[in-house]
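# Observations on chain architecture
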Amino acid sequence: EVGAGITMASLQQELIRHEKSFPIGLSGIPGMGYILTGGISPLSRSQGLAIDQILKIEGFWGNGESFKISKPTVSSNSESKLIWRGLCGAAPFLGIVTKITLKTQPLTPLKIWQTFLKKEQLEEAIHQAENWPNSLSLQWFWGNKIKVYCVEACDMSLTNKALNTFQSEFPCSESLQT
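Throughout what follows, the structure given in this document is the object of discussion.

### Things to note about the overall build of the chain
- The helix and strand tally for the chain stands at six helices and ten strands.
- Projected onto the principal axes, the alpha-carbon positions of the chain cover approximately 55 × 35 × 30 Å.
- A buried classification covers 38% of the 178 residues belonging to the chain.
- Long-range contacts, defined here as pairs at least 24 residues apart, represent 64% of the contacts in the chain between residues at least 6 apart.
- As displayed, the chain has an accessible area near 10,400 Å², and 55% of this comes from carbon and sulfur atoms.
- In the chain, 16 side chains carry a positive charge and 15 a negative one; their mean positions are 2 Å apart.

What follows is the structure in structure tokens.
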């Protein structure tokens, strides 16, 4: 269970103590709004969006009435499904969310490889990444330079052929093991 005011950094620190993970983004600063409005992460290809991990939402509707809603099942009635769909993505506009219950994953090692690319190389990098397995994602920041991150959820003893091909085609400026 996560209460309002939590940051992704504090959520991650707590989950690590229990050998669990959650698909947070590249910054530890965002809070519950990151989760409630989608939440894309380097792990989204393999674990889904942050919003997909919500199991229960608690709070108050705009009229002051409290709610406590669990993720509907296949057998749930259509009203429950519609309310859930409304809250997942629009909750900050419909009421005040005070607590959410999240599904977590076992803590998985990540391999992170980073480099700088020229803008001409970014198109090819994106094209390659579209064919990668779900365990591997491409992230980039475009500022004065284009910094590219390849993030792989992996068993560190295995190597990913797609990442190896990418690394051989683009120069490596930094490599991290996390």
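### Some points on the packing of aromatic side chains
- What the rule picks out here adds up to two aromatic pairs.
- Pairing Trp61 with Phe67 gives two aromatic rings, centres 4.5 Å apart and planes at 40°, and the pair type is tilted.
- With a centroid separation of 5.6 Å and an interplanar angle of 85°, the aromatic rings of Phe141 and Tyr149 are classed as edge-to-face.
- Just above the ring of Phe116 sits the side chain of Lys145; from NZ or CZ to the centre is 4.8 Å.

### Observations concerning the environment of Gly48
- Within the element layout of this structure, Gly48 appears in the loop between helix 3 (44–47) and strand 3 (54–61).
- By relative accessible area, Gly48 is classed as buried at 19%.
- Among residues more than four places away in sequence, those in contact with Gly48 are Pro23, Leu43 and Gln53.

### Focus: the pairing of strand 5 (residues 95–102)
- Note: strand 1 (residues 2–3) against strand 5, two bridges, orientation antiparallel. Its bridge partner lying in strand 5, Val2 is registered against Ile100.
- Examined bridge by bridge, strand 3 and strand 5 share seven bridges and lie antiparallel to one another. Bridge pairing in strand 5 places Trp61 opposite Gly95.

### With respect to the environment of Tyr149
- Along the chain, Tyr149 falls in strand 9 (residues 146–153).
- In this structure, the C-alpha to C-alpha distance between Tyr149 and Gln139, residues ten residues apart in sequence, is 5.0 Å.
- Apart from residues no more than four positions distant in its own chain, Tyr149 is found in contact with Ile112, Trp113, Gln114, Ser137, Leu138, Gln139 and Phe141.
- In this structure the side chain of Tyr149 is engaged in a polar contact, spanning 3.5 Å, whose partner is the side chain of Gln114.

### A short note on the nonpolar core
- Ranked by internal contacts, the top residues of the largest apolar core, which has 22 residues, are Phe22, Ile35, Ile54, Ile57, Val97, Ile100 and Leu102.
- Counting residues per element, the ones that place at least two in this core are helix 1 (8–17), helix 2 (32–36), strand 3, strand 4 (66–70), helix 4 (78–94) and strand 5.
- At four residues, helix 2 tops the list of elements feeding residues into this core.
- The contacts of Ile35, once residues within four sequence positions are left out, are Met8, Phe22, Ala50, Ile51, Ile54, Ile100 and Leu102.
- With 15 residues, the next largest nonpolar core counts Leu122, Ala129, Ile146 and Cys150 among its residues.

### What to know about the sheet that holds strand 5
- Reading across from one edge, 1-5-3-4 is the order of the four strands in this open sheet, with antiparallel pairing throughout. Unpaired on one side and paired on the other, strand 1 and strand 4 mark the two borders of the sheet.
- As paired elements, strand 3 and strand 4 share five bridges and run antiparallel to each other. Looking at the pairing, Ile57 lines up with Ile69 of strand 4.
- Docked against the sheet, helix 4 engages strand 3, strand 4 and strand 5, running at close to 55° with respect to strand 3.

Criteria and thresholds
Residues numbered from 1 in each chain as written. Predicted model: local features only at pLDDT ≥ 70, side-chain atom pairs only at ≥ 80, totals over all residues. Heavy atoms only, no water. Helix = DSSP H or I, 4+ residues; strand = E, 2+ residues; numbered from the N terminus. Buried < 20%, exposed > 50% of the residue type's maximum accessible area, 1.4 Å probe, protein only. Contact = heavy atoms within 4.5 Å. Areas by Shrake-Rupley, 256 points an atom, 1.4 Å probe, with all protein chains shown as cover. Lys, Arg positive; Asp, Glu negative; His and termini not counted. Charge placed at Lys NZ, Arg CZ, Asp CG, Glu CD. Phe/Tyr/Trp six-rings, centres within 6.5 Å; stacked < 30°, edge-to-face > 60°. Lys NZ or Arg CZ within 6 Å of the ring centre and 35° of its normal. Pairing = 2+ DSSP bridges. Polar contact = N/O pair within 3.5 Å; in protein donor to acceptor, adjacent residues only side chain to side chain. Core = buried A, V, L, I, M, F, W, Y, C linked by side-chain atoms within 4.5 Å. Axes fitted to C-alpha atoms, helices over the stretch in contact; angles between N-to-C directions.

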